[in-house]
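This is what each chain is made of:
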Amino acid sequence: MSDVNLQDLVRTDEGLISRRIFFDPDIYRAELENIFAKCWLYLAHESQLPNPGDYTTNYMGEDPVLIWRGMDGEIRAFLNSCRHRGMRVCRTDSGNARQFACPFHGWTYGNNGELKTVPNFEDGYFGDLEKENWGLHEVSRLTSYGGFIFGNWDADAESLDGYLGDLRWYLDILITRSLGGVEVIPGQQRYSVAGNWKIAAENFVGDSYHLAHSHGSAYALPIRQLNPANPMVFRDRKLEYYDIAMEGGHGFTQFTLSGERVEVDRMLAEEMGPEVVEYVEECHARLVKLSEAQAKVHALPFGNVFPNFSINDFSALRPVGLYLWTPKGPGNLEVWQWAATDRDAPQVIKDMARIDFTRFQSTSGIVGPDDTENFEQVTQSTAGVIGQRLDFNYQMTLERELVEGFDDVPGYISTYVSEENQRLFYQHWANLMDGGRGARQVYDKPRLAAQG
Ligand code: FES
Ligand SMILES: [Fe+2]
C-alpha cells in the first residue's frame, strides 16, 4: 500500500473510483487487515444452531471459522485451525459434536474451544505442554442481533449496536415481522465467482439501476411475485421507490415508504387463501406495534450490511435471501447464500420460499446468473494495463439533493435510481482503509433526518 493514495483512487465527491481498487493485490491485502479483521462480519443465524454441540462453519476474510454452541448453551466462534500445526479441525459444513479430534495428529478440542487431550502427552511432551494455553483461537467478539450472529476479530471494536447504527431500525422490520422468528432453511448454496467482492456488495448496496436491464428477461416472465411493480399485479397505484444509505457504509435500495408493499402482500395473499391472508395481517400487526413508519416500510428489498453481507426481503410472502460475498483474492469470491422464512409461517409459504429462492437466485436460477456474469466481466475489466488506468463512473444523482419528507425514517434517502448508496459505501471503505487515521471526508451531504 506504500505507493497507493486512496484519496486519489476513491473520489466520491466527483463520483469517480479507480478500477485499481478492484485488482491491486496490495489493496486486497490491506482490505483483509483493515476491513475483514476489524469490521463486524455476519457468521450464522441462531436458528442454525438450536442445540448444544451444534456447529456450522464460515469464513472471516480468508480465515476459516467454526461457530459452535457449547454444552453450556453459549455460542462461540473459533479460528478453524489446530493450534499444533494449523490443520483444519472441523472439516464438515455443519452438524453436532461434543469435540473434534484434529485429523493430523489428534489434538482434541471440546465445544467450548478448550484443548482436552493430546496424544503422547506423557511420553512425547513429558506432561509439560500447557494445554490451557493451546485451546482453539477464539473470535474476539461475538454478538447476535435478533438471531443474526456477527463476529469481530478486533477486541477494541465498537459494539455491534453502534456498528449497525441506523440499520437496526430496518433490521427490526425483518426481525419483528417474522412470525416465530426468522428461520434459516437448512442447507446453503455456494458457488465461486471470478469477481471482486466489492462488485457484488455494491450491487446489493444500491444498484437498482441494473434491475430492468440485466434482469429484463426475468422481469418479462409472467411471474407475479417477481415484480410487484408490474401493472398486472399492482394496477391502480404507482410504487414510489427510494434508496437509503446509512452511516457505516450500509445501504438498501428499492424501498417503498408509504405502505405499498403490504398492499401488494394483501392482494397476493387473497389469491392464496384465508390462511395466508391471516398470516400477512398478523405480520403487519406486529410491525404496527413496532411503529407506524416501520409498518409502512414492511420489507427490505435489496441491501448490504457493510462490508459483505447482503439481504433480500421483498415481502412477507417471499423468502428472505442471505448472501455472503467471501473474498478469495482480489479477483475471486465465493458466494454463500441461504434462504430463510418465518418459523411459524403457513406451510404453503415455507414450501414456496424454498422453491422461489432456488428458482430465482441459485446458480441455475433465472436471476442470479445475470449478476454473476456482470460481477465477473466487470472485475476482468480492471485487470488490463489500459483498463486499470481508467475510473468507474458513479456520478448518477451526484448533484441532486436528498429526498425530504420522511422525517421518521432514518438514513440518507435518495431517489430511485441513484448511486448515492454506492458513493457512501466506497467513502466508508476508503476511510477504513486509511487505518482509521481520519481520511478526508470526500462526501458529506446533510443528514436528512437531522434537518427535520
Ligand atoms: S496439526 Fe492438529 S494435531 Fe497436529
Ligand atoms: Fe441483480
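An account of the accompanying structure is given in this report. (Residues numbered from 1 in each chain as written. Chains lettered and ligands numbered in written order. Predicted model: local features only at pLDDT ≥ 70, side-chain atom pairs only at ≥ 80, totals over all residues. Heavy atoms only, no water.)

### A look at the sheet that holds strand 5 (residues 63–69)
Convention followed: We treat two strands as partners when DSSP finds at least two bridges between them. A run of H or I in DSSP becomes a helix once it reaches four residues, and a run of E becomes a strand once it reaches two; helices and strands are each numbered from the N terminus. What counts as an axis is a line fitted to C-alpha atoms, over the stretch in contact for a helix, and the angles between N-to-C directions run from 0 to 180 degrees.
Pairing in this open sheet of four strands is antiparallel, and the strands run 6-5-4-7 from one edge to the other. Where the open sheet ends on each side, the last strands, each with one partner, are strand 6 (75–79) and strand 7 (94–96). Neighbour to neighbour, the strand axes of the sheet diverge by 25 degrees on average, direction disregarded. By the bridge criterion, three bridges tie strand 4 (residues 54–60) to strand 7 in an arrangement that is antiparallel. Looking at the pairing, Y55 lines up with G95 of strand 7.

### Quick notes on the coordination of the iron ion (ligand 2)
Put simply, the ideal angle at a metal is 109.5 degrees for four donors in tetrahedral geometry and 90 or 180 degrees for six donors in octahedral geometry. Under the convention used in this document: Because water is not among the atoms used, a metal site may look incomplete, as its donors are only the N, O and S atoms within 2.8 Å, or 3.2 Å for Na, K and Ca. Key to geometry: four donors with every angle between 85 and 135 degrees are tetrahedral; four donors are square planar and six octahedral where opposite donors lie over 155 degrees apart and all remaining angles lie between 65 and 115; all other sites are irregular.
For the iron ion (ligand 2), the full set of protein donor atoms is H210 (NE2), H215 (NE2), D371 (OD) and D371 (OD), and the range of their distances to it is 2.0 to 2.6 Å. Taken together, the four donor atoms surrounding the iron ion (ligand 2) define angles of 55 to 153 degrees at the centre, an arrangement classified as irregular.

### Brief notes about the environment of E373
Within the element layout of this structure, E373 appears in helix 12 (residues 368–380). Put simply, E373 and S18 are 355 residues apart on the chain and 21 Å apart in space, counted from C-alpha to C-alpha.

### Describing helix 5 (residues 197–206)
Formally: Only protein chains enter the calculation, and the probe is 1.4 Å; a residue is then buried if its accessible area is under 20% of its type maximum, exposed if over 50%, and partly exposed in between. Here a polar contact is taken to be a pair of N or O atoms separated by no more than 3.5 Å, where protein atoms must pair a possible hydrogen donor with a possible acceptor and residues adjacent in sequence count only if both atoms sit in side chains.
Across the ten residues of helix 5, ten count as buried, placing the element largely inside the fold. Those residues of helix 5 that fall on the buried side of the exposure criterion are W197, K198, I199, A200, A201, E202, N203, F204, V205 and G206. Looking at where helix 5 begins, the residue whose side-chain oxygen comes 2.9 Å from the main-chain nitrogen of K198 is N196.

### Concerning the packing of aromatic side chains
Heads up, the rule is: Pairing of aromatic side chains requires ring centres within 6.5 Å, counting the rings of Phe and Tyr and the six-membered ring of Trp. Pairs whose planes differ by under 30 degrees are stacked, by over 60 edge-to-face, and all others tilted.
One pass over the structure, following the stated rule, counts 30 aromatic pairs. Residues Y323 and W325 carry aromatic rings whose centres are separated by 5.7 Å and whose planes lie at 5 degrees to one another, so their mutual orientation is stacked. Note on accessibility: Y323 and W325 belong to one class, buried. Aromatic side chains W325 and F375 sit 6.0 Å apart centroid to centroid with 85 degrees between the ring planes, which places their arrangement in the edge-to-face category.

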